[in-house]
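So the chains spell out like this:
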Amino acid sequence: MTDTVAKARQLIADALEISADEVDGDASIETLDAWTSLGHMRLILALEEKLGKQLEPSAIVEIANLDDVAAILND
Amino acid sequence: MAWAPGKPLRLATDNYIMRSMRSFQIDDYVFNWIMDRELTNYSGLPRFPNRKALEQWLKRFDNRHRFLLNITCRETDRVIGLQKLDYYPNTESAKADVVIGDREYWGRDVVLETRSKLLDFAYYRLRCHKVYGMVMARNVPAIFNYKALGFRCEGVLKDHDVSMLGERCDILMFGLLRNEWDEIRKEKQL
């Protein structure tokens, strides 16, 4: 697992208030019950805080799984 | 679904009941969250200067083309939010809006559960070809809910609207066609 993916896992886990162990490689809006609208909002805010800027609307729309979060962190 | 055009609408899910909103149902609790500009900042609700203006607004909903449904939690019998549907028969389309005013219910899939039922009504009773939503780009929960129900983002309207607190916002257009909802219902076994 790359460092970025590990960071993305932790970010998702914190936002959804679950353990990072529950965020597996396939983690997505579809697979995680804890990934609710409120959790999603916390995730977007955490990402923005980490990046130090607001995400573009198109990026907010695209985020739906672990890979998407890692890709944003990589940008 | 015992409804006829012009008659109050009632839709029920496992945890919530949606009913055509009447002015007497706006108790102080409901009035306070409707008037809370921070809470409704990105909701697209109009600004109401007072209760009378809100009551006037309610009269626009004729249960024929315009629907405003309160969302009542079965367990607490409390009105926790509103679902709005504007139906345009000429284009067989409808615009959906929602606000969950009770913060205790945020993140509890209220919108997913209730909107699914409202979509059934829009597609199979009103015979809508398309349902769409216009979402302020910072309304992350709304974006999540549209996507989770299978809506596609069809475009961005730049600096198109102003939030309740005066922030200029892009608007994201989300849409879903009836045949797509048919497929989603099959997939999710709704």
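Conventions used here
- Residues numbered from 1 in each chain as written.
- Chains lettered and ligands numbered in written order.
- Predicted model: local features only at pLDDT ≥ 70, side-chain atom pairs only at ≥ 80, totals over all residues.
- Helix = DSSP H or I, 4+ residues; strand = E, 2+ residues; numbered from the N terminus.
- Rg over C-alpha atoms; globule rule 2.2 N^0.38 Å.
- Contact = placed C-beta atoms within 7 Å.
- Buried ≥ 20, exposed ≤ 12 C-beta atoms within 10 Å, placed from the backbone.
- Nonpolar A, V, L, I, M, F, W, Y, C, P; charged D, E, K, R; others polar.
- Core = buried A, V, L, I, M, F, W, Y, C linked by C-beta atoms within 7 Å.
- Pairing = 2+ DSSP bridges.
- Axes fitted to C-alpha atoms, helices over the stretch in contact; angles between N-to-C directions.
- Left-handed = near helix turned anticlockwise from the far one by under 90°.

Asker: Help me understand the overall build of chain A, please; the structure alone is not making it clear to me.
Answerer: The number of helices and strands found in chain A is 4 helices and 0 strands. Reading the helices (α) and strands (β) of chain A from amino to carboxyl end gives α-α-α-α. A globule of 75 residues ought to have a C-alpha radius of gyration of about 11 Å, and chain A, at 11 Å, matches this closely. Structurally, chain A occupies a C-alpha span of about 30 × 25 × 15 Å along its principal axes. Within chain A, contacts between residues separated by at least 24 positions form 55% of all contacts whose residues are at least 6 apart in sequence.

Asker: Would you take a moment to explain the overall build of chain B for this structure?
Answerer: Within chain B, the regular secondary structure consists of 5 helices and 8 strands. Starting at the N terminus, the α and β elements of chain B follow one another as β-β-α-α-β-β-β-α-β-α-β-β-α. If one aligns the C-alpha atoms of chain B with their principal axes, the spans along those axes are about 40 × 40 × 35 Å. By residue count, 35% of the 190 residues in chain B fall in the buried class.

Asker: Looking at this structure, I do not really get the interface of chain A and chain B. What am I missing?
Answerer: Accessible area lost on assembly of the parts is the figure often given for the size of an interface. Taken together, the contacts link 13 residues of chain A with 16 residues of chain B. It is helix α2 (residues 37-51) of chain A that provides the largest number of residues to the side of chain A that touches chain B, a total of 6 residues. Tallied by class, the residues present in the side of chain A that touches chain B amount to 8 nonpolar, 5 polar and no charged.

Asker: Mind showing me how you'd approach the nonpolar core here?
Answerer: Across soluble globular proteins, you tend to see nonpolar side chains buried next to one another. In terms of nonpolar packing, the biggest core is built from 72 residues, with Ile 12 and Val 69 of chain A together with Leu 69, Ala 122 and Ile 143 of chain B touching the most fellow members. It is helix α3 (residues 110-125) of chain B that contributes the most residues to this core, 7 residues altogether. Leu 69 of chain B has contacts with Leu 9, Leu 11, Met 18, Arg 19, Ser 20, Met 21, Leu 82 and Gln 83 of chain B, leaving out every residue within four places of it along the chain.

Asker: How should the sheet that holds strand β6 (residues 130-136) of chain B be read in this particular structure?
Answerer: By way of backbone hydrogen bonds, the strands of a sheet pair with one another, either parallel or antiparallel. Residues and elements named next belong to chain B. With respect to topology, 8 strands assemble into an open sheet ordered β1-β2-β3-β4-β5-β6-β8-β7, the strand pairing being mixed. Only two strands of the sheet have a single neighbouring strand rather than two, namely β1 (10-12) and β7 (152-162). For this sheet, the mean angle separating the axes of adjacent strands, direction not counted, is 25 degrees. Strand direction decides the pairing type here: β6 and strand β8 (residues 168-177), joined by 7 bridges, are antiparallel. Looking at β8, one finds that Met 134 is bridged to Met 173. The strands touched by helix α4 (residues 140-148) within the sheet are β6 and β8, with β6 carrying the most contacts at an inclination of about 155 degrees.

Asker: Can you help me understand the pairing of strand β5 (residues 93-100) of chain B in this one?
Answerer: Across a regular strand the side chains alternate sides, sitting on one face of the sheet and then on the other. Residue and element names in this part refer to chain B. As judged from the 8 bridges shared by strand β4 (residues 79-88) and β5, these two strands associate in the antiparallel manner. Bridge pairing links Asp 86 to Lys 95 in β5. Linkage of β4 to β5, two consecutive antiparallel strands, is achieved through a turn of 4 residues, within which Glu 92 is found at a positive phi near 50 degrees. Relative to β6, β5 runs parallel, the two sharing 3 bridges. Along β6, the bridge assignment pairs Lys 95 with Tyr 132.

Asker: How should I be thinking about the environment of Tyr 124 of chain B in this particular structure?
Answerer: By the secondary structure assignment, Tyr 124 of chain B is in helix α3. Placed 54 residues apart in sequence, Tyr 124 of chain B and Arg 178 of chain B show a C-alpha to C-alpha distance of 8.5 Å.

Asker: How should I be thinking about the pairing of β7 of chain B in this particular structure?
Answerer: All names here are of chain B. Bridge analysis of β7 against β8 gives 7 bridges, and the strand direction is antiparallel. The residue bridging Asp 161 from the neighbouring strand is Cys 169, located in β8. The turn linking β7 back onto β8 is made up of 5 residues, and Gly 166 within it adopts a positive phi angle of 90 degrees.

Asker: It is not clear to me how the packing of helix α1 (residues 3-16) of chain A against helix α4 (residues 66-74) of chain A should be interpreted in this structure. Could you clarify?
Answerer: How two helices pack is summed up by the angle between their axes together with the distance between the axes. All names here are of chain A. Closest axis-to-axis distance for the α1/α4 pair is 8 Å, and the angle between their directions is 115 degrees. Both α1 and α4 take part in a crossing whose hand is right-handed. Packed against α1, whose contacting residues are Thr 4, Val 5, Lys 7, Ala 8, Arg 9, Leu 11 and Ile 12, the element α4 presents Leu 66, Val 69, Ala 70, Leu 73 and Asn 74 at the interface. Taken together, the residues that form the contact of α1 with α4 break down as 8 nonpolar, 2 polar and 2 charged.

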